[in-house]
Amino acid sequence: VISIPWLLLNTEELDPLYKSGKVIWIKSGEPKYDSKINYDGPDAFTGELTNWEIDSNDKDSYLGYLKLQIINETANTITLNIDSEAAELLGSDGKTYFPTNSITRAYEIGKIQNNYKVNDFIPLWGDITLVEGTEVIGYMLVDLPKDVTISRLRWIASDTVTINY
């Protein structure tokens, strides 16, 4: 008799924030929330390291952000079009929210405020081509009312993957 532990067959028990679709796998961090985020990254034109800030739309909202690792496990090549239609984020209020453009929302600042700093922030936005066995890691942003949290991510760009929080 060959015994395969049930735990190996049930990914829910291993890591509920690591899910697969038909060709991609997504590993998510827990959602985080703040009125703004600060990070450093290269300027698109000069390549120089620059301090950036993204803030909420208004005083009644804040930013929700998710660190996502998207892995192409089986397809020869896939192109992810990461935009406002790449995912649906279900809020704790039962409403659906959509990602916001973290590239156009970012503006240069002189100095990073440490209480808003996200150390490994990389905007997850635009067209990204992944060959088999490669991955992309970055942050997806969403504008939310202050009393709303993210309950579910439903990824719909090039594949469908659902992660519950």
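Here the structure is a predicted model, which is why all the values come from computation and not from measurement.

**Brief notes about the overall build of the protein**
From N to C terminus, the protein includes two helices and 14 strands. The principal-axis extents of the C-alpha atoms in the protein amount to approximately 65 × 40 × 25 Å. Classification of the 165 residues of the protein by burial places 41% in the buried group. Considering only contacts within the protein whose residues lie at least 6 apart along the sequence, 72% involve residues at least 24 apart. For the protein, the accessible surface area stands at approximately 9300 Å², while carbon and sulfur atoms represent 50% of it. Of the side-chain charges in the protein, 14 are positive and 25 negative, and the distance between the mean point of each set is 5 Å.

**Considering the pairing of strand β13 (residues 150-155)**
Here strand β8 (residues 87-91) pairs with β13 via five bridges, running antiparallel. Considered in β13, the bridge of Leu89 is made with Leu153. Summarising the sheet, β13 and strand β14 (residues 161-164) pair through four bridges and their orientation is antiparallel. Of the residues in β14, the one forming a bridge with Arg154 is Thr162. Between the end of β13 and the start of β14, which pair antiparallel, lie five residues, with Ser158 showing a positive phi angle near 70°.

**Description of the environment of Arg152**
Here Arg152 is to be found in strand β13. The spacing of Arg152 and Glu132 is 20 residues in sequence and 27 Å in space, taken between C-alpha atoms. Setting aside residues no more than four positions away along its own chain, Arg152 makes contact with Glu88, Leu89, Leu90, Thr162, Ile163, Asn164 and Tyr165.

**So, the confidence of the model for the protein**
Residues of the protein with pLDDT of at least 70 account for 92%, and the chain-wide mean is 91. Confidence over residues 3-12 falls short of pLDDT 50; this stretch has six contacts with residues more than four positions distant or in other chains.

**Focus: the packing of aromatic side chains**
This model, assessed by the stated rule, comprises five aromatic pairs. For the ring pair Tyr33 and Tyr62, a centre distance of 5.3 Å and an interplane angle of 15° mean the geometry is stacked. You can see Tyr33 sitting in strand β3 (residues 32-34) and its partner Tyr62 sitting in strand β6 (residues 61-72), a full 29 residues away along the chain. On the accessibility criterion, Tyr33 (25% relative accessible area) is partly exposed. The interplanar angle of 20° and the centroid separation of 5.2 Å between the aromatic rings of Phe121 and Tyr139 together place this pair among those described as stacked. Of the two residues, Phe121 sits in the loop between β10 (107-108) and β11 (126-131) while Tyr139 sits in strand β12 (residues 135-145), which places them 18 residues apart along the sequence. The class for Phe121 is buried, based on a relative accessible area of 4%.

Rules and cut-offs
In every chain, residue numbers begin from 1 and rise along the written sequence. Predicted model: local features are reported for residues with pLDDT of at least 70 only, side-chain atom pairs are reported and counted for 80 or more only, and whole-chain, interface and lining totals are derived from all residues. Values shown for side chains rest on all heavy atoms present in the structure; no hydrogens or waters enter the calculation. Strands here are runs of E lasting at least two residues and helices are runs of H or I lasting at least four, both read from the DSSP assignment and numbered beginning at the N terminus. Buried residues are those whose accessible area, probed at 1.4 Å on protein chains only, stays under 20% of the maximum for their type, while exposed residues exceed 50% and partly exposed ones sit between those limits. The criterion used for residue contact is that any of the two residues' heavy atoms lie within 4.5 Å. Residue exposure ignores everything except the shown protein chains as possible cover, and the areas themselves are Shrake-Rupley values with a 1.4 Å probe. Positive charges come from Lys and Arg, negative ones from Asp and Glu, while His and the chain ends are left out of the count. Lys charges are placed at NZ, Arg charges at CZ, Asp charges at CG and Glu charges at CD. When DSSP finds at least two bridges between two strands, those strands are taken to pair. Known as pLDDT, the predictor's per-residue confidence is scaled from 0 to 100. A pair of aromatic rings is counted whenever rings of Phe, Tyr or Trp (Trp by its six-membered ring) have centres within 6.5 Å, and the orientation is called stacked for planes under 30 degrees apart, edge-to-face for over 60 and tilted otherwise.

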